[in-house]
Amino acid sequence: MVGGIMNSNHGDEEIMNNKKPPIEAVLNETTIKDVDGDNVWNFVGRFGRYQKWQMSLLFIVSISMTFPIFSGLFAGKNVKFECSSDDIDSNIPFNTTLDLSKCSKKIIETNTSRILSETQCENYQFEGNGTIISYLAEWNLVCEDETLGNLPQTVTMIGMGIGASTLTQLGDKFGRKKLIIGSLTSLSAVSLALAFVKQFEFFVVVKFLSGVLNQGYMVPMSVVMLELLTTEKRSMANLLFISFWVISSFVAGAIGYFMRDYDWRTMQIVFGALSASTLLFLCFIDESLRWLLGNTKVSDAEAIMKKACRWSNKDYQDLIEQELNSENGIGKPGSPHALLSPLDNSESHTTNQASDSSTVMTLLRNKNTRLISLVMCYTWMICSLSYYGLILLSTSLAGNSYLNFIIMAGVEWPAGILMVICIQKFGRNRTLVMFQLISAIFLMSSVLIACFAPPDNTLYSIMQTCLTMAGKFFVSGTFCGIWIYTPELYPTNFRNLGIGMSSASARIGATFSPFFTILARKALWAPGAMFATGCFLNVFLLNLLPETKGRELPKNIADIDAWIQDEKKNKRRNKNIFPKDDI
């Protein structure tokens, strides 16, 4: 009886202190919801041995990520040509001369220089000493068929847009690793197949497939890199991705340079073989821990956490006990992560984002994710349109074209570094707004010089070029920043889909960018004016989105709703700090 009274008093004391018995430190489908990815990485090391090893593997796999985009620049490069000698008619009239141009042959009267006749060449002779160094030469894609020579590059960009909007959803549903393995394996096979295609029509179809598959492994790879790091280190993931992109571009340029005198098919085999050689390293890349936790893959998540703990000389059981019993665990009262999901209902905290259907319609039905998706799609499209449009319109650098390509790829580094420094100091949203505003000002200044400067003035031409390149620099920086900002705006099971839709919008912009060269012939100022206007509009649209700096990556749409609602309350609270009567 006394013991019963003692037990009763003890129970009353627990109730009064509002204490709960500790959760058994066992990972299962229920307790896995309390495990936070950030806490796991903080426990084993924010950038520990395990993350460094995974990043090293991703670097090797990323070597070929620019090949589908840039291989066509080298395999389909412009080559010098003229009418073939087979087209020369031996019966040339007396007192006339034959003038062979690139696309036609003219019979000119010697005394008067009058053109007696002009006919289109039927065959062409290309440089290369008998070696077909470009597929333009193999299929005679010059003169009247010149537009067809740009078709493979165009359909590659279209394929990338379709791949970004379709294949990436599979990464949210079936896992990042499975999509990366399937896409890169297929892409390697397609890259090798390009070297053996005999018909141009089939070549275009295969190039389209290469664009689709490129996004199938490049987008989830960037997501894996992001999810390997903590909130404080997410900007590092973007800087690493930029570095991987630049190095891959360097490798593509080096292959193009050293294979410049070889048959284009041999060059394509090198591109495909190098891509295939990275497949072995995919076996050692692990699935994203955050995806496994979000989709309650208990055994797989447990295996990765044990592996990370073992590599960092940490005890796995200590990690689980910390996550399941700590008062500061995610979703518990007083948690520093409560800023993300400030919900009092504990049932709402355990909402599994796997219950959200990972479809575009699910995103568009919710007003907050709909706004995020529309603004980010526009941002990606205008950045891509401006970026590629300015590349096509800018003056070519003097010197070796291969060296110029490498230099153009290398300038992405300082733009990316400046962006990362700024977002760490000022935040994501504010920095992107600032970069877009500066780029719009530079581009509009270039337009004004083009409209009002005296013609054929060297000084004004140099100023216009410098302003245009400065605008391009900040557009490139914006491109780097949206790779950080976009995935932070989407829940785990929609992150691949969100980046995929955004990337698809970017490909739409890239597809239309070549048409600005035609517009520039009629009005030199028009393309820059359109780019500047698009950037100015984006400044206002980006201001509608929330800041993500210091925020935990959202798990589900409910987190996004609570997060934005919390931001609105903070804004109203800040407005009421100084009542109007006190001003």
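Reading guide: rules and limits
Residues numbered from 1 in each chain as written. Predicted model: local features only at pLDDT ≥ 70, side-chain atom pairs only at ≥ 80, totals over all residues. Heavy atoms only, no water. Helix = DSSP H or I, 4+ residues; strand = E, 2+ residues; numbered from the N terminus. Buried < 20%, exposed > 50% of the residue type's maximum accessible area, 1.4 Å probe, protein only. Contact = heavy atoms within 4.5 Å. Salt bridge = Lys/Arg side-chain N within 4 Å of Asp/Glu carboxyl O. Expected span 1.5 Å × (residues − 1). Phe/Tyr/Trp six-rings, centres within 6.5 Å; stacked < 30°, edge-to-face > 60°. Lys NZ or Arg CZ within 6 Å of the ring centre and 35° of its normal. Axes fitted to C-alpha atoms, helices over the stretch in contact; angles between N-to-C directions. Parallel < 35°, antiparallel > 145°, perpendicular 65-115°, else oblique. Left-handed = near helix turned anticlockwise from the far one by under 90°. Nonpolar A, V, L, I, M, F, W, Y, C, P; charged D, E, K, R; others polar. Polar contact = N/O pair within 3.5 Å; in protein donor to acceptor, adjacent residues only side chain to side chain. Patch = residues over 30% accessible without salt bridge, like charges linked within 9 Å, V, L, I, M, F, W, Y side chains within 5 Å. Areas by Shrake-Rupley, 256 points an atom, 1.4 Å probe, with all protein chains shown as cover.

Looking now at unusual backbone geometry. In this model, Asn 140 sits at a positive phi of 50°, which is unusual for a non-glycine residue. Position of Asn 140 relative to the elements: it lies in the loop between α5 (135–138) and α6 (146–149).

Okay, the environment of Arg 507 next. On the secondary structure map, Arg 507 appears in helix α23 (residues 495–512). Residue classification places Arg 507 among the buried positions, given a relative accessible area of 7%. Between the C-alpha atom of Arg 507 and that of Met 157, which follows or precedes it by 350 residues, the distance is 5.7 Å. Look past the residues within four positions of Arg 507 in its chain and what remains in contact with it is Met 157, Met 160, Gly 161, Gln 215, Met 218 and Tyr 388.

Tallied over the entire structure, the rule returns seven salt bridges. With a shortest N-O distance of 2.5 Å, Arg 265 and Glu 138 are connected by a salt bridge. Of this pair, Arg 265 sits in helix α11 (residues 264–277) while Glu 138 sits in helix α5, and the two are 127 residues apart along the sequence. By relative accessible area, Arg 265 is classed as buried at 11%. What makes Glu 138 partly exposed here is its relative accessible area of 26%.

With that out of the way, let us pick up helix α9 (residues 200–227). Helix length check: α9 (28 residues) gives 41 Å between terminal C-alpha atoms against 40 Å at 1.5 Å per residue, within 8%. The buried count for α9 comes to 23 of 28 residues, which makes it a mostly enclosed element.

Considering all chains together, one arrives at 21 aromatic pairs under this definition. Arranged with centres 5.1 Å apart and planes meeting at 70°, the rings of Phe 67 and Phe 271 form a pair that is edge-to-face. One end of the pair, Phe 67, is in helix α4 (residues 67–75); the other, Phe 271, is in helix α11, and 204 residues separate them in sequence. Here Phe 67 matches Phe 271 in class, with each residue buried. An aromatic cluster of at least three residues, connected via ring pairs, comprises Tyr 135, Trp 139, Phe 200, Phe 203 and Trp 264. The lysine or arginine in question, Arg 260, covers the ring of Tyr 257, its NZ or CZ lying 4.1 Å from the ring centre. One Lys or Arg, Lys 314, reaches over the ring of Phe 43 and ends 5.3 Å from the middle of that ring.

Moving on to the packing of helix α7 (residues 151–174) against α9. In contact at an axis separation of 7 Å, α7 and α9 are set at 40° when each is read in the N-to-C sense. Put simply, α7 runs oblique to α9. Seen along the crossing, α7 lies across α9 with a hand that is right-handed. Here the residues of the contact of α7 with α9 sort into 15 nonpolar, nine polar and one charged.

For the rest of this paragraph, the subject is the environment of Arg 290. Here Arg 290 shows up in helix α13 (residues 289–294). For the pair Arg 290 and Val 224, spaced 66 residues apart in the sequence, the C-alpha separation amounts to 9.0 Å. Of the polar contacts made by the side chain of Arg 290, one reaches the backbone oxygen of Glu 227; its length is 3.1 Å.

This next bit is on a nonpolar patch on the surface. Residues Trp 53, Leu 280 and Phe 284 make up a contiguous nonpolar surface patch of roughly 310 Å² in combined accessible area. Relative to the helices and strands, Phe 284 resides in the loop between α12 (279–282) and α13. Judged by relative accessible area, which is 44%, Phe 284 ranks as partly exposed.

Right, let's talk about the side chain of Ser 134 for a bit. Looking at the secondary structure, you find Ser 134 in the loop between β5 (124–126) and α5. In contact with Ser 134, not counting residues within four places along its chain, are Ala 75, Gly 76, Lys 77, Val 79 and Trp 264.

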